[in-house]
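So you can see what is in the structure, the chains are spelled out below.
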Amino acid sequence: MSTESGGSPALFTRKATGLVREAKTRDALFYNLLWSSVALTFAFYWLFFAFYPGANPYLGILIAAGLGLPGSFLYAMLTQIMPRTGGDYVFNSRALHPSIGFAGNFSYCFWLAIVIGVYTTYFAAYGMGAWGRMMSGFTGSHGWLSFGDWFSTNWGLFITGTVALLISAALFIRGGTRLFFKVQAIGFIIYVAGAFLLPILVGLFQSQAGFLSAFNDYAANLGVNDAVGALKSSATDAGYASSGFDFEATVKSVSIFWFIFGFIYSSNYFAGEIRVTRGTHLKSMPGAVLLVVVALLLLLPAFLGLIDYDFNGMLGFADPAAYGFTAGAPAYPELMAIASNSPVFGTVIILGFALGLLLWLPQTLLLVSRSMFAWSFDRIMPEKLSYVEPRSRSPLVAIGVMLLLSIGSTAIYAFTDWFSAVSVLLGLSLTLLITSVSGIVLPFRQPAMVEGSPYNRKVLGVPLISLVGCLALLGFGTAIGIILWDEGSGASLSANPGKLKLALLVYVVAFAVYWVARAIRKSQGIDLSLAHRELPPE
């Protein structure tokens, strides 16, 4: 156990974190743009479009962005004021109470440890599996089809996801964050080119009639002739009917786009490893929101010009086997690959999409390991979790713990249906509420921190950060209300009341863990509350 020079136990595990500021503004921006899962969310929206008949995606995007934008400013401001690794744990433990900060961050990490299985299994099914099926669709090779279909089997999902996680952990073991940020920058370029730029170009140069013809040719190689007709027939038999604009469905669909705009500021979790320049966090958080809105508003018309609302609705209702897609309905990357009429272009599109899923894995290992590191550095958790391996300068023990949890999550999504793809949104969003309250009270609870920051201003007598915190609270609260209302969210009060109970139970467990840890530390002569009155050392 670390001690002060006089022999009494130290407030923190050591006098310096051992972490290094390797990240630039660009790295933080790329991180937020990738981690917010823009391409995956776009795929989710259309895969689940049958839940939202009549929804308008343009309006849904703007509503979700409007709800999340104040939060992006709040997180940027808090990160500037408290530039330490651990993100909202540091904010909330210093502004409110250490037990609240720990509980909120523990909950966030719990739900990330659950949802990471979505990314590993989707990488297998909609990345590798879709690519194999695409090659079969263009060549007629049954070998390619069998190759692609294997990735959608239970074991295919689990093995592929586990290998992807091991590769992700190996990045940090081999080269720490320096190597990770280099890989992220290269991957980001491929991701943008494949998941956005090429689909937009395909939408500009292809026609709807051309897509339908290509779809029939593609499905014929998969074993079904006149696939468009078979799709319509199967969807009609399942009860599909075309519908006009529906405002209620549009508002409910915001829960899907919240996957982006509720979590586009996650570079705050490794703030202690970012080289801060003027406007770093404003560029990488609110700036990311604006870039995503532009990207989606460009991608939407390109996509809908070829694959309209009715076609997407029918895909949600029809039996995929009826039109030749036995392993499951195609997501937008495969549809745009079909529209390109080229296995080369199709490979770039699907590769770009899949790479976005793959990069999310080391990003999440980074995020959760830094949260665990911060708990340990403040002595809530065992000191081993904040151990930094000298060569890689990474907390490899914390990364290893998250790796094991992630493999377990992959097994859950590969072999069970316990959680839907979006049912974690509620648990993740509750932490945002806590952070907004921290922003409101920070000038009163920690005035010295605010006074020494660029945000020591008032608007009509109200501290600027408190005002932004109020707006963030309104945005976050509204989004949570939509999630609890929307039956398609997997966490609605009407269809899934147990999810709210589970989310609250996680908080109960987290509070219990904190108070047990506090009692243990007290018996060792350490008062945890003292550490939380100041920022941890860098």
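Residues numbered from 1 in each chain as written. Predicted model: local features only at pLDDT ≥ 70, side-chain atom pairs only at ≥ 80, totals over all residues. Heavy atoms only, no water.

Caption draft 1: Looking closely at the overall build of the protein chain. Of the regular secondary structure elements, the protein chain holds 22 helices and 2 strands. For 538 residues, the compact-globule formula gives about 24 Å, and the C-alpha radius of gyration of the protein chain, at 24 Å, lands near that figure. Considered along the principal axes of its C-alpha atoms, the protein chain spans approximately 80 × 50 × 45 Å. Counting over 538 residues, the protein chain shows a buried share of 60%. Across the protein chain, the fraction of contacts at a sequence separation of at least 24, relative to all contacts at a separation of at least 6, is 83%. (Helix = DSSP H or I, 4+ residues; strand = E, 2+ residues; numbered from the N terminus. Rg over C-alpha atoms; globule rule 2.2 N^0.38 Å. Buried < 20%, exposed > 50% of the residue type's maximum accessible area, 1.4 Å probe, protein only. Contact = heavy atoms within 4.5 Å.)

Caption draft 2: Expanded view of the side chain of Asn 32. Mapped onto the secondary structure, Asn 32 falls in helix H1 (residues 25–35). Under the relative-accessibility criterion, Asn 32 is labelled buried at 0%. Setting aside anything within four residues of it in sequence, one finds Asn 32 in contact with Ile 264, Tyr 265, Ser 266, Ser 267, Ser 284, Met 285 and Ala 288.

Caption draft 3: Geometry of the nonpolar core. Counting 188 residues, the largest nonpolar core has Phe 44, Phe 215, Trp 258, Phe 261 and Tyr 332 as the members making the most contacts within it. Ranked by the residues each element gives to this core, the list is headed by helix H5 (residues 98–139), at 20 residues. (Core = buried A, V, L, I, M, F, W, Y, C linked by side-chain atoms within 4.5 Å.)

Caption draft 4: Just the side chain of Asp 27, in detail. As for its placement among the helices and strands, Asp 27 is situated in helix H1. Classification of Asp 27 as buried rests on a relative accessible area of 3%. Reaching out from Asp 27, the side chain makes a polar contact with the backbone nitrogen of Lys 24 at a distance of 2.8 Å. Not counting chain neighbours up to four residues away, the residues in contact with Asp 27 comprise Glu 22, Phe 181 and Gln 184. (Polar contact = N/O pair within 3.5 Å; in protein donor to acceptor, adjacent residues only side chain to side chain.)

Caption draft 5: Structural detail: helix H15 (residues 332–340). Counting buried positions along H15 yields 9 of 9 residues, so the element is predominantly enclosed. Within H15, burial applies to Tyr 332, Pro 333, Glu 334, Leu 335, Met 336, Ala 337, Ile 338, Ala 339 and Ser 340.

Caption draft 6: Quick peek at the packing of aromatic side chains. All told, the structure shown has 56 aromatic pairs when counted by the stated rule. Ring geometry for Phe 110 and Trp 111: centres 5.0 Å apart, planes at 90°, overall edge-to-face. With a relative accessible area of 29%, Phe 110 lands in the partly exposed category. Classification of Trp 111 as buried rests on a relative accessible area of 1%. Ring centres of Tyr 514 and Trp 515 lie 5.1 Å apart, and the angle between their planes is 85°; this geometry places the pair in the edge-to-face category. Residue classification places Tyr 514 among the buried positions, given a relative accessible area of 0%. For Trp 515, a relative accessible area of 43% gives the class partly exposed. Taken together, the ring pairs connect Phe 42, Tyr 45, Trp 46, Phe 49, Phe 257, Phe 303, Tyr 309, Tyr 332 and Phe 353 into an aromatic cluster. Directly above the ring of Tyr 387 sits Lys 384, whose terminal nitrogen or CZ lies 5.9 Å from the centroid. (Phe/Tyr/Trp six-rings, centres within 6.5 Å; stacked < 30°, edge-to-face > 60°. Lys NZ or Arg CZ within 6 Å of the ring centre and 35° of its normal.)

Caption draft 7: Spotlight on the pattern of salt bridges. Taken as a whole and assessed by the stated rule, the structure comprises 7 salt bridges. The salt bridge partner of Arg 94 is Asp 378, with a shortest N-O separation of 2.8 Å. Separated by 284 residues along the polypeptide, Arg 94 in helix H4 (residues 88–95) and Asp 378 in the loop between helix H16 (343–377) and helix H17 (396–415) bring together distant segments of the chain. By relative accessible area, Arg 94 is classed as buried at 2%. Overall, the relative accessible area of 2% leaves Asp 378 in the buried class. Glu 334 is paired through a salt bridge with Arg 133; the nearest N and O atoms lie 2.8 Å apart. Placement of the pair is Glu 334 in helix H15 and Arg 133 in helix H5, with a sequence separation of 201 residues. Salt bridges here are not isolated pairs; linked through shared partners, they connect Glu 248, Lys 252 and Glu 487. (Salt bridge = Lys/Arg side-chain N within 4 Å of Asp/Glu carboxyl O.)

Caption draft 8: Representation of the environment of Leu 500 within the structure. Along the polypeptide, Leu 500 turns up in helix H21 (residues 497–523). Relative accessible area serves as the criterion here: at 24%, Leu 500 is assigned to the partly exposed category. For the pair Leu 500 and Leu 484, spaced 16 residues apart in sequence, the C-alpha to C-alpha distance is 8.4 Å. Residue contacts for Leu 500: discarding those within four places in its chain leaves Leu 426 and Leu 493.

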